[in-house]
Amino acid sequence: MRKSILILFSTLIFFFLLLVVNYYIISVSGKHSIFNNFAALPAYNNVLVFGAGRNYPSDRPNYAFTGRMAATEKLSPLSSVKKIILSGKNELPHYNEVDAMKTELIRRGVSEKKMVYDEDGVNTLQSLLNYKRDFGTEPVLMVSEREQLERALFYAEHLGINAAGYEATGFGKKEFQLREVLSRAKARIEVLF
């Protein structure tokens, strides 16, 4: 019995260490392609904004949404930016991330003519698969928080998409961390299999 408990405990420690190592490998591999300095940003024609709902179910504001919209508003006047692809979920009549992003960006003065809609972007990988289907390997600047951008860059590299990230702010790292550890494990499995 004692030996079984020791084996179980050792196995759990091993998998925990794998999760942590995977998390940091993905962080390190993408960190040089993420920009938060607007002045140092290379020119991109296409900007891909990952979806987020305006509010949580409790009607508390979603700061990921607010941060992504502020970052997109800042990028939109750049002469190099021709398309702003809004990619998110459209699961229920009252929950449509793309529509919420579109409404907010128009309110902020972003030209609707630049906007392209992807309502099938149910997760990061699907958003990038949809991008590749529609735009091939055209270079793209992705907008989200650093943690999601690192994972998105991992996917983009394996899909052959020339991508970089522009970091949105306003969403604390702690809120993202546990979910991101599991999401990165899933990403590794998806890429391997």
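Residues numbered from 1 in each chain as written. Predicted model: local features only at pLDDT ≥ 70, side-chain atom pairs only at ≥ 80, totals over all residues. Heavy atoms only, no water.

Colleague: Any chance you could explain the overall build of the protein chain here in plain terms?
Modeller: Scanning the protein chain from terminus to terminus reveals six helices and eight strands. What you see in the protein chain, going N to C, is helices and strands ordered as α-β-β-α-β-β-β-α-β-α-β-α-β-α. Taken over C-alpha atoms, the radius of gyration comes to 18 Å for the protein chain, in line with the 16 Å a tight globule of 193 residues would show. Pairs at least 24 residues apart make up 74% of the contacts formed inside the protein chain by residues separated by at least 6 positions. (Helix = DSSP H or I, 4+ residues; strand = E, 2+ residues; numbered from the N terminus. Rg over C-alpha atoms; globule rule 2.2 N^0.38 Å. Contact = heavy atoms within 4.5 Å.)

Colleague: I keep staring at the side chain of Glu167 and nothing clicks. Help me out?
Modeller: Looking at the secondary structure, you find Glu167 in strand 8 (residues 163-167). Side-chain polar atoms of Glu167 contact the side chain of Asn36, separated by 3.4 Å. Every residue in contact with Glu167, bar those within four places of it in the chain, is listed here: Ile34, Phe35, Asn36, Ser144, Arg146 and Leu149. (Polar contact = N/O pair within 3.5 Å; in protein donor to acceptor, adjacent residues only side chain to side chain.)

Colleague: Would you explain the pairing of strand 8 in this entry?
Modeller: Burial runs high along strand 8: five of the five residues are buried. Of the two faces of strand 8, the one lined by Ala163, Gly165 and Glu167 and the one lined by Ala164 and Tyr166 are each fully buried. Two strands pair when backbone bridges link them, and strand 1 (residues 34-35) and strand 8 are joined in this way by two bridges, in the parallel orientation. Note on strand 8: the bridge partner recorded for Phe35 is Tyr166. (Buried < 20%, exposed > 50% of the residue type's maximum accessible area, 1.4 Å probe, protein only. Pairing = 2+ DSSP bridges.)

Colleague: Where do I start with the packing of aromatic side chains in this structure?
Modeller: Each aromatic ring pair is described using two quantities: the centre-to-centre distance and the angle formed by the ring planes. By the definition in use, this model includes five aromatic pairs. Taking 6.3 Å as the distance between ring centres and 70° as the angle between the ring planes, the aromatic pair formed by Phe38 and Tyr166 counts as edge-to-face. Placement of the pair is Phe38 in the loop between strand 1 and strand 2 (46-50) and Tyr166 in strand 8, with a sequence separation of 128 residues. The class for Phe38 is partly exposed, based on a relative accessible area of 27%. Cation over ring: Arg184 sits above Tyr23, and NZ or CZ is 4.1 Å from the ring centre. (Phe/Tyr/Trp six-rings, centres within 6.5 Å; stacked < 30°, edge-to-face > 60°. Lys NZ or Arg CZ within 6 Å of the ring centre and 35° of its normal.)

Colleague: I'm lost on the pattern of salt bridges in this one. Help?
Modeller: When charged atoms on two side chains of opposite charge get close, those side chains can pair. Tallying each qualifying case throughout the model produces 11 salt bridges. A salt bridge links Arg184 to Glu150, with the shortest nitrogen-to-oxygen separation between them at 2.6 Å. In this pair, Arg184 is assigned in helix 6 (residues 173-192) and Glu150 in helix 5 (residues 146-159), connecting sequence segments 34 residues apart. This pair shows no difference in class: Arg184 is buried, exactly as Glu150 is. Each of the salt bridges in this network shares a partner with another, and the network as a whole consists of Glu73, Glu104, Arg107 and Arg108. (Salt bridge = Lys/Arg side-chain N within 4 Å of Asp/Glu carboxyl O.)

Colleague: Explanation requested: the sheet that holds strand 6 (residues 115-118) in the structure shown.
Modeller: The strands that make up a sheet pair up through hydrogen bonds in the backbone, lying either parallel or antiparallel. Spatial strand order, 1-8-7-2-3-6: six strands in an open sheet with parallel pairing. Two strands close off the open sheet at either side, each with one partner strand: strand 1 and strand 6. Across the sheet, helix 4 (residues 124-135) touches strand 2, strand 3 (83-87), strand 6 and strand 7 (140-144), and the angle it forms with strand 2 is around 155°. (Axes fitted to C-alpha atoms, helices over the stretch in contact; angles between N-to-C directions.)

Colleague: Can you help me understand the pairing of strand 3 in this one?
Modeller: Working note: regular strand, side chains alternate between the two faces of the sheet. By the criterion of burial, strand 3 is predominantly enclosed, with four of the five residues buried. With five bridges connecting them, strand 2 and strand 3 associate as parallel partners. Bridging across to strand 3, Val47 finds its partner in Ile84. As paired elements, strand 3 and strand 6 share four bridges and run parallel to each other. Note on strand 6: the bridge partner recorded for Ser87 is Asp118.

Colleague: Please explain the packing of helix 2 (residues 63-75) against helix 3 (residues 97-107) as it appears in this structure.
Modeller: For the pair helix 2 and helix 3, interaxial distance at closest approach is 10 Å and the crossing angle is 50°. What the angle tells us is that helix 2 and helix 3 run oblique. In the crossing of helix 2 with helix 3, the sense of the turn from one axis to the other is right-handed. Within the contact between the two elements, helix 2 uses Phe65, Met69, Thr72 and Glu73 and helix 3 uses Ala100, Met101, Glu104 and Leu105. (Parallel < 35°, antiparallel > 145°, perpendicular 65-115°, else oblique. Left-handed = near helix turned anticlockwise from the far one by under 90°.)

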